[in-house]
Amino acid sequence: MARALPQPHPPVKSPAPMKPDLPRPFQIASGGPLRGRIEVPGDKSISHRAVMLASLAVGESRIEGLLEGEDVLATAAAMRAMGATIARAEDGAWLVHGVGVGGLLQPEGALDMGNSGTSTRLLMGLVASHPITATFIGDASLSRRPMARVVEPLRQIGADITVSPGDRLPLMVRGLCPAVPIAYRPPVASAQVKSAILLAGLNTPGITRVIEPVATRDHSERMLRGFGAALTVEPREDGTIISLTGEPELQPQHLTIPGDPSSAAFWAVAALIVPGSELLLANVLLNPTRTGVFEALRMMGGDIAIGSEREVGGEQVADVRVRHSALRGIDVPPELAPSMIDEYPALFVAAAFADGRTVVRGAHELRVKESDRIATMAAALRAAGLVVGEHDDGLTIDGRGGNPLPGGGRVETRLDHRIAMSMTVAGLHAAQPITIDDARPIATSYPAFLETMTRLGAQPRWLNQ
């Protein structure tokens, strides 16, 4: 028996009723060691793609372990608005009846993407080659994020796209069917741009190609092949050529979503910085394009052990055991950036507790995430008592050598879930409590984050408005 889409819920019950449209500030203070086993939620990137491709398959797909954060729920709502039938079964699995490639229906209203840049950019690709028109809207944070890098190639395939000033939301995509197959080399490494083009290529006759100079996460390629699309990956000296033959009949699948390494990164850093801690992070996705943060943490001296390696749904999965460690400052290799772009905020926190200076360069992409994560993390770490230097493409952080942060400051999250969670982790080893201005963004990717932290012994304390 299935039921309708669940509504997102706050990660920890507030002691007093609060209006849902108001910020939910809280404080986090040092406590004892963190010990135990954690099942992190399903990977967000894979969850988005699973819902989209299942919605384009012919028949019913079953998805287990789907991330039920607000971002993925926005993707599911958009696909329902365009004709797919999506429901959550009593056992927690998600059942998706697809409409087939080319079968997307005209949505009756605007597609509200909330805070999800991934939903927006990938769905723009889907709409671009279907004979429908869709308007995309989002929250204040998403509406500040530039969309030009996706708009450009989608216009080349023939889509008519109207954007707000600065190439931002709200925007309207009028799809062209049949669209024109293209060969496109993204000017910057971006899995979202690559995926948007490939998704547009599904309903485009002929062969659509993306030439990738630098490898980015390859979940779209793996999943497209898993659903039955004809896709090849050809490494060359000047980059990798990904070729997709359009107009396939996608086959329904039974999928299990592995744990999100971006979510696991917060717990890995927490275990490394809090004395006496040891955590087992179970069923974590270790796709080679997503392991940069674990490589960097090991370079800093982190005690991180990988065990029970296995394959789940075509992806590499393992258990990750992390123990408190004496970290040292390093120059983080810029070439790690594509494989850890979402994990930099957590890495910055690890650097705050290292012995010596950590220098991060080559992370330009952080400027155009949910917030400007370079500037926002610099301000947050300074509020917690750190000495931080800001660059165009990264930060220089003088670590505390394992000593607690001074703390006592108030962090402005800028509606960014990763800022909120990273600085919550920082507060676990601070002399004075750290105040986080708003817990609401956490629900976009990890609704149970504060609940899990409480189970491990930490004590987030809600503040009055």
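Residues numbered from 1 in each chain as written. Predicted model: local features only at pLDDT ≥ 70, side-chain atom pairs only at ≥ 80, totals over all residues. Heavy atoms only, no water.

## So, helix α9 (residues 344-352)
So, step 1. The element α9 is largely enclosed, with a buried count of nine among its nine residues.
So, step 2. What α9 keeps buried is the set Y344, P345, A346, L347, F348, V349, A350, A351 and A352. (Buried < 20%, exposed > 50% of the residue type's maximum accessible area, 1.4 Å probe, protein only. Helix = DSSP H or I, 4+ residues; strand = E, 2+ residues; numbered from the N terminus.)

## Some details on the environment of L104
So, step 1. With respect to the secondary-structure elements, L104 resides in the loop between β6 (94-97) and β7 (111-112).
So, step 2. With a relative accessible area of 5%, L104 lands in the buried category.
So, step 3. The spacing of L104 and M82 is 22 residues in sequence and 5.3 Å in space, taken between C-alpha atoms.
So, step 4. If we skip the residues at most four places from it in the chain, L104 touches L56, M79, M82, V99, L126, H130 and I132. (Contact = heavy atoms within 4.5 Å.)

## Description of the environment of L244
So, step 1. When you line up the elements, L244 lands in strand β14 (residues 239-245).
So, step 2. Note on L244: relative accessible area 0%, which makes it buried.
So, step 3. Between the C-alpha atom of L244 and that of M124, which follows or precedes it by 120 residues, the distance is 18 Å.
So, step 4. Discounting chain neighbours no more than four positions away, the residues touching L244 are L198, G201, L202, G206, I207, T208, A229, A230 and L231.

## Considerations on the packing of aromatic side chains
So, step 1. Applying the stated criterion to the full structure yields six aromatic pairs.
So, step 2. With 5.1 Å between their ring centres and 35° between their planes, W267 and F449 make a pair best called tilted. Pair noted here: W267 is in helix α7 (residues 261-273) and F449 is in helix α12 (residues 449-455), with a separation of 182 residues, a long-range link.
So, step 3. Residue class for W267 comes out buried when judged on its relative accessible area of 0%.
So, step 4. Put simply, the rings of F266, W267, Y446 and F449 touch in pairs and so form one group of aromatic residues. (Phe/Tyr/Trp six-rings, centres within 6.5 Å; stacked < 30°, edge-to-face > 60°.)

## Observations regarding the side chain of S119
So, step 1. As for its placement among the helices and strands, S119 is situated in helix α3 (residues 117-128).
So, step 2. Owing to a relative accessible area of 0%, S119 belongs among the buried residues under this scheme.
So, step 3. Separated by 3.5 Å, the side chains of S119 and H48 make a polar contact.
So, step 4. Polar contacts involving the side chain of S119 include one to the side chain of S116, which spans 2.7 Å.
So, step 5. Among residues more than four places away in sequence, those in contact with S119 are H48, M52, D71, T75 and M113. (Polar contact = N/O pair within 3.5 Å; in protein donor to acceptor, adjacent residues only side chain to side chain.)

## Describing the side chain of E212
So, step 1. On the secondary structure map, E212 appears in strand β12 (residues 207-212).
So, step 2. Within the local environment of E212, its side chain forms a polar contact with the side chain of T216, the two groups lying 2.3 Å apart.
So, step 3. Aside from chain neighbours lying at most four places away, what touches E212 is K194, G239, T240 and I242.

## Focus on the packing of α3 against helix α5 (residues 191-202)
So, step 1. Where α3 contacts α5, the two axes come as close as 6 Å, and the packing angle between them is 30°. Considering the angle they form, α3 stands roughly parallel to α5. The way α3 lies across α5 gives a crossing that is right-handed. Facing α3, whose interface residues are G117, T118, R121, L122, G125 and L126, α5 presents Q192, S195, A196, L199 and A200. (Axes fitted to C-alpha atoms, helices over the stretch in contact; angles between N-to-C directions. Parallel < 35°, antiparallel > 145°, perpendicular 65-115°, else oblique. Left-handed = near helix turned anticlockwise from the far one by under 90°.)

Without other data, these values stay purely geometric and don't point to any function.
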